[in-house]
Amino acid sequence: MKRSNLIKCLALTTVFSSILVSCDDDNDDNQGPISTYLFASNNSNGNITSYDVSNLSSITSKTLMTTSTAADGIYYDKDNDVVVQASRSSFGLEGFSNASLATDGTAISIGISGTADMFNPREVAVNGNFYVVADSQDVDGDVTTPDGRFFIYSKTGNSFTLRNIITTDFKLWGMVFDGNDLYAVVDATGKLAIFTNFLSNTTNASVAASKIITIEGIVRTHGITYDAMNDMMVLTDIADATNTQDDGGFQIIENFKSKFTSTANGGTLALSQQTRVSGSSTLLGNPVDVAYDNATETVYIAEAGNGGGRILAFNNIGSGGNIAPVVNNSLAAASSVYLSK
Ligand SMILES: [Ca+2]
Ligand SMILES: [Ca+2]
Ligand SMILES: [Ca+2]
């Protein structure tokens, strides 16, 4: 076991003494229980919530206090034990070191900081040392023309340095890397875009998506996650943003790559090729972000609206429909989630 892992593990064992904590090295062959953590950001107070979801029937959580008052786009760098979120009060990326050692309710300080370049930062997607933030602010001063910006940062030492800005001709929100390709939702629509070899765009420029398709059944998509191992795409549907309580959903697309490839640019991927979860039992009003655990086949949702905000989990999804979440934790104005194991 690496010494850093040992220290982390001893600390976690202390914090979560009531539950079983795996002290396996990261490189082991999944022997024994695996600790799984879900990190969540919010737009209510900007603090970070870390849930130990290793056992869904006995979840523990801790809140880490930040100086931000609103945040989105959370990410956890497990190797370096750093939680990163896009601050919507400072308009920059903020990285917090030694996150696993911090105890519930304590303040954590910014160890890695970026310049305040952004306007309306949302999701963060990471590829190596590159941190991409989707910014949902109107770009050209005309809200009737859809547009958005990706801010691309490189992480070096204790800094996030802005490398370049990519402007899009559609509104941005959620996004996720698959290798070097970036999938981005087309906010305000039910469409999905891909930018192949995204990071090869190294200068400030307007860049068109490589391909855009419509995901039938989705009114207005926001959250996205892709599980490459199982070739499974999950997209959330906030539907009408002003209905915060019960018109949302999410859709699972298995064997995604072949379905995406066989849908022509500008074409539609049929609802019959997908599994949709929605309805009054789901507590989905404005599901704004999503994460997926392929080991337990669990979909985690950051629900911004229902009940004031929730972190939800669904499994035994089967053929979908109006199913109740197996986990329902209140988190005011939940904005994003990231799963780490
Ligand atoms: Ca515009
Ligand atoms: Ca809604
Ligand atoms: Ca996320």
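Model, not experiment: these values are computed from the prediction.

1. Things to note about the sheet that holds strand β3 (residues 60-64)
Inference 1: Pairing in this open sheet of four strands is antiparallel, and the strands run β3-β2-β1-β26 from one edge to the other. Of all the strands in the sheet, the pair left with one neighbour each is β3 and β26 (334-340). Across the sheet, the mean angle from the axis of one strand to that of its neighbour is 20°, orientation sign disregarded.
Inference 2: Here strand β1 (residues 37-42) runs beside β26; their pairing, made up of six bridges, is antiparallel. Paired with Ser41 across the bridge in β26 is Ser336.

2. Here's the deal with the coordination of the calcium ion (ligand 2)
Inference 1: Listed as protein donors to the calcium ion (ligand 2) are Ile238 (O), Asp240 (O), Asn243 (O), Asp247 (OD), Gly285 (O) and Asn286 (OD1); their distances from the metal cover 2.3 to 2.5 Å.
Inference 2: In this structure, the calcium ion (ligand 2) is surrounded by six donor atoms whose angles at the metal cover 72 to 173°, and the resulting shape is irregular.
Inference 3: For the calcium ion (ligand 2), the donor residues sit on a single chain with the sequence spacing I-x1-D-x2-N-x3-D-x37-G-N. Of the two residues examined, Gly285 and Asn286, each falls in the buried class.

3. Remarks on the domain arrangement of the chain
Inference 1: Domain assignment breaks the chain into domain 1 (1-35) and domain 2 (36-340).
Inference 2: Put simply, the middle of domain 1 and the middle of domain 2, counted by C-alpha atoms, are 27 Å apart.

Rules of the game
- Residues numbered from 1 in each chain as written.
- Chains lettered and ligands numbered in written order.
- Predicted model: local features only at pLDDT ≥ 70, side-chain atom pairs only at ≥ 80, totals over all residues.
- Heavy atoms only, no water.
- Pairing = 2+ DSSP bridges.
- Helix = DSSP H or I, 4+ residues; strand = E, 2+ residues; numbered from the N terminus.
- Axes fitted to C-alpha atoms, helices over the stretch in contact; angles between N-to-C directions.
- Donors = N, O, S within 2.8 Å, 3.2 Å for Na, K, Ca; no water.
- Tetrahedral: all angles 85-135°; square planar, octahedral: opposite > 155°, others 65-115°.
- Buried < 20%, exposed > 50% of the residue type's maximum accessible area, 1.4 Å probe, protein only.
- Domains from an automatic or database assignment.

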